[in-house]
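Tertiary structure, described
What follows is each chain in one-letter form.
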Amino acid sequence: MSGMALTASRVVGWWAAAYTLGLAASVRDARRRELASDLWEHREDGAAGSASSLRIAIETLSRWVRGIPADILWRVNVEGPKVDIKIPFERIVGGTLIALVVLFIITGSISGYDTARDGFGGELRRLDENSALANNVNAFFRAATGFALIAAGAGLYAALRDRSRGMATLIGFGLCAAAVLELVGSTLQLTLVELADEYVTSTGAHQEQVLVTARAIAIAGQYTVTASFFAIMLSTYVLAIVAGRESLVPRWLIGIPVISAALVVGALIMAASGAGDTGLWLVMMSGLLTSVLWLLIAGFWLLFAQQPPAPEASVRAPAPA
Amino acid sequence: MKRKPGQLLSIEIAILQGAIGLMRAGALEFYGYAIAKEIRDQEAARRLTAHGTLYRALERMEKLGLLTCRWEDPEVAAAEQRPLRRLYQVTAAGELAVKEAMPAAAATKAGAQPLERGLSPS
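Since the structure is predicted, the reported quantities are computational estimates derived from the model, not experimental observations.

Description of helix α1 (residues 10-24) of chain B
Residues and elements named next belong to chain B. When the terminal C-alpha atoms of α1 are compared, their 21 Å separation across 15 residues agrees well with the 21 Å that a helix rising 1.5 Å per residue should span. Among the 15 residues in α1, eleven count as buried, and that is most of the element. Glycine 26 occupies a position one or two residues after α1 and carries a positive phi of about 105°.

Looking at the environment of B:Leu64
Relative to the helices and strands, B:Leu64 resides in the loop between α3 (51-63) and β1 (67-71). In this structure the C-alpha to C-alpha distance between B:Leu64 and B:Gly94, which are 30 residues apart in sequence, comes to 8.9 Å.

A word on the pattern of salt bridges
Here the structure, examined in full by the defined rule, presents 13 salt bridges over all chains. Of the charged contacts, one joins B:Lys37 and A:Asp45 as a salt bridge, the two residues approaching to 2.9 Å between their closest N and O atoms. Remark: A:Asp45 occurs in helix α2 (residues 25-48) and B:Lys37 occurs in helix α2 (residues 32-42); the pair is interchain, linking two chains. Residue B:Lys37 is classed as partly exposed on the basis of its relative accessible area of 26%.

Some thoughts on the confidence of the model for chain A
Residues and elements named next belong to chain A. In this model, chain A carries an average pLDDT of 79, and 85% of its residues clear a pLDDT of 70 or more. Mean pLDDT across the secondary structure elements of chain A bottoms out at helix α4 (residues 89-109), with 71, and peaks at α2, with 93. Confidence over residues 310-321 falls short of pLDDT 50; this stretch has one contact with residues more than four positions distant or in other chains.

Observations concerning the packing of α2(B) against α3(B)
Residue and element names in this part refer to chain B. In contact at an axis separation of 11 Å, α2 and α3 are set at 110° when each is read in the N-to-C sense. Taken together, α2 and α3 sit at an angle that is classed as roughly perpendicular. Of α3, the residues touching α2 (which contributes Gly32, Tyr33, Ile35 and Ala36) are Leu54, Tyr55 and Leu58. Of the residues in the contact of α2 with α3, the class split is six nonpolar, one polar and no charged.

Brief notes about the interface of chain A and chain B
The partner chain B presents 26 residues to the 26 residues of chain A that form the contact. Both faces combined, the contact of chain A with chain B buries some 2,300 Å², and carbon together with sulfur accounts for 54% of it. Of all residues in chain A, the largest losses of buried area upon contact with chain B belong to A:Glu34, A:Arg63 and A:Arg66, amounting jointly to 29% of the total for that side. Taken together, the connections running from chain A to chain B amount to three salt bridges. One salt bridge connects A:Glu34 with B:Arg86, and the closest N-O pair in it is separated by 3.4 Å. At the boundary of chain A and chain B, one finds ten residue pairs in polar contact (both at pLDDT 80 or more). Partitioning the side of chain A that touches chain B into residue classes produces ten nonpolar, six polar and ten charged.

Brief notes about a nonpolar patch on the surface
Residues and elements named next belong to chain A. On the surface, a cluster of nonpolar side chains totalling about 410 Å² of accessible area is made up of Leu133, Val137, Phe140 and Phe141. As for its placement among the helices and strands, valine 137 is situated in helix α6 (residues 132-160). Judged by relative accessible area, valine 137 falls into the partly exposed class, the value being 35%.

Some thoughts on the environment of A:Glu129
Residue and element names in this part refer to chain A. Within the secondary structure, glutamate 129 sits in helix α5 (residues 120-129). Judged by relative accessible area, glutamate 129 falls into the exposed class, the value being 67%. Glutamate 129 sits 67 residues away from alanine 196 along the chain, and the two C-alpha atoms are 9.2 Å apart.

Quick notes on the rules
Each chain carries its own residue numbering, running from 1 in the written order of its sequence. Here every chain gets a letter starting at A, and every ligand a number starting at 1, in the order they are written. Per-residue local features are limited, in this predicted model, to residues with pLDDT of at least 70; the limit for side-chain atom pairs, both in listing and counting, is 80 or more; totals at the level of whole chains, interfaces and linings are taken over all residues. The basis for every side-chain value is the complete set of non-hydrogen atoms in the structure, without hydrogens or water. Only DSSP runs of H or I with at least four residues qualify as helices, and only runs of E with at least two residues qualify as strands; both kinds are numbered from the N terminus onward. One less than the number of residues in a helix, times 1.5 Å, gives the span that helix is expected to have. Only protein chains enter the accessibility calculation, which uses a 1.4 Å probe; a residue is then buried when its area is under 20% of its type maximum, exposed when over 50%, and partly exposed in between. Any Lys or Arg side-chain nitrogen found within 4 Å of a carboxyl oxygen on Asp or Glu counts as a salt bridge. Confidence per residue, as judged by the predictor, is encoded in pLDDT with a range of 0 to 100. Contact between two residues is taken to exist if any of their heavy atoms lie within 4.5 Å; hydrogens are not considered. Only the stretch in contact is used when fitting a helix axis, every axis being a line fitted to C-alpha atoms; angles between N-to-C directions are given from 0 to 180 degrees. Roughly parallel means an angle under 35 degrees; roughly antiparallel, over 145; roughly perpendicular, 65 to 115; everything else is oblique. Classes in brief: Ala, Val, Leu, Ile, Met, Phe, Trp, Tyr, Cys and Pro nonpolar; Asp, Glu, Lys and Arg charged; the others, Gly included, polar. Throughout, the accessible surface (probe 1.4 Å) given up by two parts as they are put together, summed over both, is called the buried area. We define a polar contact as two N or O atoms separated by no more than 3.5 Å, with the added condition that, inside protein, one atom must be a possible hydrogen donor and the other a possible acceptor, whereas residues neighbouring each other in sequence contribute only through side-chain atom pairs. Think of a patch as exposed residues, more than 30% relative accessible area, with no salt bridge, where like charges cluster within 9 Å and nonpolar side chains (Val, Leu, Ile, Met, Phe, Trp, Tyr) cluster within 5 Å. Here the open area of atoms and residues is found with the Shrake-Rupley method and a 1.4 Å probe, where only the protein chains shown may cover a residue.

Here you go:
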């Protein structure tokens, strides 16, 4: 038997194996066996007719290539018009949690400004010295974070609404609120860049006026970041409650967000009582990091752990007569 | 390809004509490669019908009731040391369909509009 003709037959066989993959065994095997028979007959007939190995191979490959559109159409017809991609909802939730962690990191890595620093004018000069690209990338990342939060909120709501509509709404709303705040923050950032330019090029009373306006914009921007942070944190806590209650993750994992919430509340109490910045920052960061830790563990758990089959919520045992 | 109900495609006409040619030669049943070769010989074509085109058409024609099919006896294939063949046979509806489609196909080749005939899926 000729090597080239056999290789061509194998290529066609691999293609058949690929486009019949996932079909019912009867349909899949029938098509593969019928094609295997055709390829064998073709090789034998060619050899009997003294056709060269190369010629049989070319004929085989030609028949294969010309038939590819029909193969694809056949597959689509066998499957029906609906392509049913079933991703278990646990995987969706897990992936979204990981995405949330990435968002945390992106949001946290955006350089901000310190309005408490003496000489806010210096901050504006620093901002003006940044390249346009750096300032645009900054604003772009904040806007992208906003849109990604909307997607995360919508995804989590869609995945969890059948389990707990109220809590799913809270999570979705919280993340969308954070997203809006991020988008507002992005706009404020761009406005601040414009004001920084105006501050550097102006003098006298007008410069003072620009400085006051810029400071107000910067404070508003910081408030949006803080509010966005709390919206995300609250959504994360609600998510932790749903995940624990629905047994999506081990119950013991609920301890992590509880510690996180305690740390954040502690930080708020410290802030209200006028505690030092360093201590406050440490407690707040600890709260944030424990929350991120929970998101990571829960996310990877949902993505990779074997999930038990979902209970049939609509099927209930009949009440005894 | 979208087609009107009952209208035969050119590949289907070619398969039916090829199958009837094989029947006249004494082969009541045919298999994929045999019909591809018969079509090439009848149409004096240079190339064999593509795998995808041929087997998709055969499956469709079976659903339309123009052909019946069965897997051959495994012992026969084993005795001849070859893979199992899927054997097709033209039904009465298939014979009627090709008779009715022949003038239409000829007219189409001559540039006229294709005729239609009644076909119902079995």
